[in-house]
Amino acid sequence: MDWRFKGIVIKILKFVFSPEGCAPRQYGQRAQKVLIGLSVIIAVYNLLMLSRNLWGLEPYFHFWIFIFSLTAFTFSYYSPTKRPVKGLGVEGMILMTVSLFTLAFLLINSSAIIRKVAVSLPLSTVDTIVGSVMFLLIAEAARRVVGMVMGTVVGMFLFYAWVGQIWPWGFSHRGLSFQELVGTFFICPSGDGLWAIPLSIVATTLVVLFLFGGLLQALGGGNLFIRIALALLGKYRGGAAKVCVLSSALLGMVTGGGASGVAIVGVFTIPTMMKSGYKPHYAGAIEAVASTGAAITPPIMGAVAFIMADLLGIPYYKILLPAAIPAALYYLTCFIQVDCHAGKQGLVGLPKEQIPSIREVLKEEGEFIIPLLTLVLFLLFGYTMRFTALMAILGTLVAGILKRKRRPSFIRQILEGLNKGMRTTVQVAFICALAGIIMTGVGVTGFGSKFTHFVGIMSGDNLFITLFAAAVMCIGLGTGLPITVSYIITVLLVIPVAVKAGVTPLSAHMFAIYYAVLADISPP
């Protein structure tokens, strides 16, 4: 009986803290085309909204449309469990319908909601119900995308905010009523809770970058990075692994995401490394480490870098140079490691027939230098990242038109690229929405200042101990949580102590990002 109870507890803990999302649904060809069409419509809306705002919408209107269109898409794309389900199913139709009705309610009653928030009027029963449904929809969408662990952590913060009087060691507070909880964290579009900095960054900037990355990948731009790395390093000892490191670094500069690096580069480099003599587990580890570094590699560093720039109150381009130094050191250590391993194992370079020349690569793939130059030049001239990404999308389309081999299927590839970009957006949007609840919870309850004071007392304001605590917190949280969330929690709770001890804010935040990235490749 004792062992049965333990087994049940273990299963509950595995479910509650699971970092794995659900499986995609299985559709026939026609249904898949409809799903891609829905994704493309959402992508086109975002491009039109963020480039011209053709409809003159208020920002909170866009946030509502953005998140609930993604919610409907998520319920149509992901199964409710880790086992793939055939078709949309009744639960999928119900959740999609509820998402669209919730959006309609918000759009129709927006004036009344904003007025109540502005003058601190109590929410009606209907408002409270709708606000609760909003959170449940977003939390369920997040569970299907990234697993239950994110919802569990957010649930802990909400419970702490709701029941504030019971906590010991000076962490108690007055507590929020349920109506206050819903108004502050869920339904209020005033920059708190679901609608805080993280989601606003995704909805106004990152979505365009993800669409750029999807189009670049679909039109074949990833081949440029792989073949340049092949031409430069393929002939040296351990050439396959060195190609993996360099191509992942180059791709990471324009994608900012580890998963895309594995999907584009890993498909080529992992089999090549295995053929060259690397053991399968070592080849996979090299690709995982090399691709993970994308989150700290400028000019595109993922959601966390934009959140950092906003928290510090500085333009994004001002963090590019400070970020380049740790990124260069990160990839240098990867390069040295694979070189030493190749020397120890006696691994040689790739055969000459597999190595193209630089001239050949530029002749066949050189068109894709256009979007890369566009990205770098517009950033250097001080344009916003959103405008830069829009210009990079135009550059990518020009490159696709110039590439003759891609012209017959050009339209199909654009649709595929927009679909890939929106799928990447889905993987980040709900994480950032729930991360906003954590940020607001830390501030509203006073937990942040109390925990920071506690850390300061425990460390004696010693810089080494403080930074060690920050590193341990980042890696501990990051074993189950996304980079963005582990960074935000560490920055709000521990980094203020490091700043007080004399570390510059930018350096302290870069430290937190670096260890949050390292957590992504830390077991389990």
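If you're wondering where the values come from, they're calculated on a predicted model, not measured in any experiment. Numbering of residues starts from 1 in every chain and runs along the sequence as written. The predicted nature of this model means local features are confined to residues of pLDDT at least 70 and side-chain atom pairs, given and counted, to a pLDDT of 80 or more, with totals for whole chains, interfaces and linings taken over all residues. Only hydrogens and water are set aside; all other atoms, that is, all heavy atoms of the structure, feed into the side-chain values.

Section: the overall build of the chain
Part 1 of the reasoning: A count of helices and strands for the chain gives 24 helices and zero strands.
Part 2 of the reasoning: For 524 residues, the compact-globule estimate of 2.2 N^0.38 gives 24 Å, and the chain sits close to it at 24 Å.
Part 3 of the reasoning: A buried classification covers 53% of the 524 residues belonging to the chain.
Part 4 of the reasoning: If you take every contact in the chain between residues at least 6 apart in sequence, the share linking residues at least 24 apart comes to 79%.
Part 5 of the reasoning: Methods summary: accessible areas were calculated by the Shrake-Rupley approach with a probe of 1.4 Å, and residue burial reflects only the protein chains presented. Surface exposure of the chain reaches about 23800 Å², of which carbon and sulfur atoms provide 68%. Numbering of helices and strands starts at the N terminus; helices are DSSP runs of H or I of at least 4 residues and strands are runs of E of at least 2. The globule rule used for comparison is 2.2 Å times the number of residues to the exponent 0.38, while the radius of gyration itself is calculated over C-alpha atoms. Under the scheme applied here, a residue whose accessible area is under 20% of the maximum for its type counts as buried, over 50% as exposed, and between as partly exposed, the area being computed with a 1.4 Å probe on protein chains only. Whether two residues are in contact is decided by their heavy atoms: any pair within 4.5 Å suffices.

Quick look at the packing of helix H9 (residues 197–218) against helix H18 (residues 385–402)
Part 1 of the reasoning: Packing of H9 against H18 leaves a shortest axis separation of 9 Å and a crossing angle of 20 degrees. Here H9 is positioned roughly parallel relative to H18, judged by the angle of their axes. Classified by chirality, the crossing of H18 by H9 is left-handed. From H9, Thr204, Thr205, Val208, Leu209, Leu211, Phe212, Leu215 and Leu216 reach across to H18, where they touch Met385, Arg386, Ala389, Leu390, Ala392, Ile393 and Thr396. Note on geometry: axes are lines fitted to C-alpha atoms, helical ones only across the stretch in contact, with angles between N-to-C directions running from 0 to 180 degrees. Roughly parallel means an angle under 35 degrees; roughly antiparallel, over 145; roughly perpendicular, 65 to 115; everything else is oblique. We call a crossing left-handed when the near helix sits turned anticlockwise from the far one by less than a right angle, and right-handed when that turn is clockwise.

Regarding the pattern of salt bridges
Part 1 of the reasoning: What counts as a salt bridge is simple: a side-chain nitrogen of Lys or Arg found within 4 Å of a carboxyl oxygen of Asp or Glu. Enumeration over the complete set of coordinates arrives at twelve salt bridges.
Part 2 of the reasoning: Across the pair Glu364 and Arg227 runs a salt bridge, and its minimum N-O distance is 2.6 Å. A residue pair is termed long-range when its members are at least 10 positions apart, and Glu364 in helix H16 (residues 358–365) and Arg227 in helix H10 (residues 222–233) qualify at 137 residues.
Part 3 of the reasoning: Between Lys420 and Glu416 there is a salt bridge whose closest N-O contact spans 3.1 Å. You can see Lys420 and its partner Glu416 sitting in helix H19 (residues 410–444), four residues apart, about one turn around the helix.
Part 4 of the reasoning: Within the structure, one salt-bridge network assembled from shared partners comprises Arg25, Glu91, Glu140, Arg143 and Arg144.

Some thoughts on the packing of helix H2 (residues 29–51) against H19
Part 1 of the reasoning: Closest axis-to-axis distance for the H2/H19 pair is 8 Å, and the angle between their directions is 80 degrees. What the angle tells us is that H2 and H19 run roughly perpendicular. For the pair H2 and H19, contact is made by Ile36, Ser39, Val40, Ile42, Ala43, Val44, Asn46 and Leu47 and by Leu415, Leu418, Asn419 and Met422, respectively.
Part 2 of the reasoning: Taken together, the residues of the contact of H2 with H19 sort by class into nine nonpolar, three polar and no charged. Each residue gets one label: Ala, Val, Leu, Ile, Met, Phe, Trp, Tyr, Cys and Pro are nonpolar, Asp, Glu, Lys and Arg are charged, and the others, such as Gly, are polar.

Here we look at the packing of aromatic side chains
Part 1 of the reasoning: Stacked, tilted and edge-to-face are the three classes applied to pairs of Phe, Tyr and Trp rings, where Trp contributes its six-membered ring and a pair requires centres within 6.5 Å; stacked means planes under 30 degrees apart, edge-to-face means over 60, and tilted covers the rest. On inspection of all chains with the given rule, the structure shows 25 aromatic pairs.
Part 2 of the reasoning: Between Tyr77 and Tyr78, the ring centres sit 4.9 Å apart and the planes meet at 80 degrees, which makes this aromatic pair edge-to-face. Considered together, Tyr77 and Tyr78 belong to a single accessibility category, that of buried residues.
Part 3 of the reasoning: Look at Tyr278 and Tyr282: their rings are 5.9 Å apart centre to centre, the planes differ by 10 degrees, and that puts the pair in the stacked class. The same class applies to Tyr278 as to Tyr282, namely buried.
Part 4 of the reasoning: A connected cluster of aromatic rings, assembled from ring pairs, spans Phe157, Phe159, Tyr160, Trp167, Phe171, Phe447, Phe451 and Phe454.

Details of unusual backbone geometry
Apart from glycine, the bulk of residues carry a negative phi angle, and the bulk of peptide bonds sit in the trans form.
Part 1 of the reasoning: In this chain, Pro298 is followed by Pro299 through a cis amide linkage whose omega measures 10 degrees.
Part 2 of the reasoning: Locating Pro299 in the fold gives a position in the loop between helix H13 (280–292) and helix H14 (303–312).

Here we look at the nonpolar core
Part 1 of the reasoning: Side-chain atoms within 4.5 Å are what join buried Ala, Val, Leu, Ile, Met, Phe, Trp, Tyr and Cys residues into a set we call a nonpolar core. Counting 171 residues, the largest nonpolar core has Met150 and Tyr487 as its most contacted members.
Part 2 of the reasoning: Broken down by element, the residue count for this core peaks at 17 residues, all from H19.
Part 3 of the reasoning: Contact partners of Met150, with chain neighbours within four places excluded, come to Ile431, Leu434, Ala435, Ile438, Leu481, Pro482 and Val485.

Things to note about the side chain of Thr269
Part 1 of the reasoning: Position of Thr269 among the secondary structure elements: in helix H12 (residues 258–276).
Part 2 of the reasoning: Accessibility expressed as a relative area gives 1% for Thr269, which makes it buried.
Part 3 of the reasoning: Not counting residues within four places of it along the chain, the set of residues in contact with Thr269 comprises Val243, Cys244, Ser247 and Glu287.

A look at helix H7 (residues 149–162)
Part 1 of the reasoning: A helix is expected to span 1.5 Å multiplied by its residue count minus one. Relative to the 20 Å expected for 14 residues at 1.5 Å per residue, H7 spans 20 Å between its end C-alpha atoms, a close match to the ideal helical length.
Part 2 of the reasoning: Among all positions of H7, only Val149, Met150, Thr152, Val153, Val154, Phe157, Leu158, Tyr160 and Ala161 are buried.

Digging into the environment of Val455
Part 1 of the reasoning: Structurally, the position occupied by Val455 is in helix H20 (residues 447–459).
Part 2 of the reasoning: In this structure, the C-alpha to C-alpha distance between Val455 and Val497, residues 42 residues apart in sequence, is 7.3 Å.
Part 3 of the reasoning: Those residues in contact with Val455 that lie beyond four places of it in its chain are Leu493, Val494 and Val497.

Regarding the environment of Phe212
Part 1 of the reasoning: Residue position: Phe212 is located in helix H9.
Part 2 of the reasoning: Judged by relative accessible area, which is 0%, Phe212 ranks as buried.
Part 3 of the reasoning: Between the alpha carbons of Phe212 and Thr97 there is a distance of 30 Å; along the sequence they are 115 residues apart.
Part 4 of the reasoning: Non-local contacts of Phe212, meaning those with residues more than four positions away in its chain, are made with Val254, Pro371, Leu375, Ala389, Ala392, Ile393 and Thr396.

Quick word on a nonpolar patch on the surface
Part 1 of the reasoning: Together, Leu232, Ile358, Leu362, Ile369, Leu373, Val376, Leu377, Leu380, Phe381, Tyr383 and Phe387 make up an exposed nonpolar region whose accessible area comes to about 1000 Å².
Part 2 of the reasoning: Listing elements by their share of the nonpolar patch, those giving two or more residues are H16 and helix H17 (369–380).
Part 3 of the reasoning: Topologically, Val376 is positioned in helix H17. Patch membership needs two things, relative accessible area over 30% and no salt bridge, and members are linked within 9 Å if like-charged or within 5 Å if nonpolar (Val, Leu, Ile, Met, Phe, Trp, Tyr).

Some details on the environment of Tyr236
Part 1 of the reasoning: With respect to the secondary-structure elements, Tyr236 resides in the loop between H10 and helix H11 (239–255).
Part 2 of the reasoning: Judged by its relative accessible area of 40%, Tyr236 is partly exposed.
Part 3 of the reasoning: In sequence terms Tyr236 and Val348 are 112 residues apart; their C-alpha atoms lie 6.7 Å from each other.
Part 4 of the reasoning: In this structure, Tyr236 is in contact with Lys242, Val348 and Gly349, ignoring residues within four places of it in sequence.

Let's talk about helix H21 (residues 463–478)
Part 1 of the reasoning: Between its first and last C-alpha, H21 extends 22 Å over 16 residues, near the 22 Å set by a 1.5 Å rise per residue.
Part 2 of the reasoning: Within H21 the residues assigned to the buried category are Thr466, Leu467, Ala470, Ala471, Met473, Cys474 and Gly478. Looking straight down H21, one finds that the buried residues subtend no more than 160 degrees of arc, so they occupy a single side. Among the exposed residues of H21, those pointing more than 90 degrees away from its buried face are Phe464 and Phe468.
Part 3 of the reasoning: Looking at the buried positions of H21, the neighbouring elements they touch are H20, helix H22 (483–493), helix H23 (495–500) and helix H24 (505–519).
Part 4 of the reasoning: Where H21 begins, one side-chain oxygen reaches toward the backbone nitrogen of Phe464, 3.0 Å away; that side chain belongs to Asn462. In this context, the arc is that of the directions from the helix axis out to the C-beta atoms. Throughout this description, a polar contact denotes any pair of N or O atoms lying within 3.5 Å of each other; where both atoms belong to protein, one of them has to be capable of donating a hydrogen while the other can accept it, and for residues adjacent in sequence the pair is counted only when both atoms sit in side chains.

The values reported here are purely geometric and, on their own, carry no functional implication.
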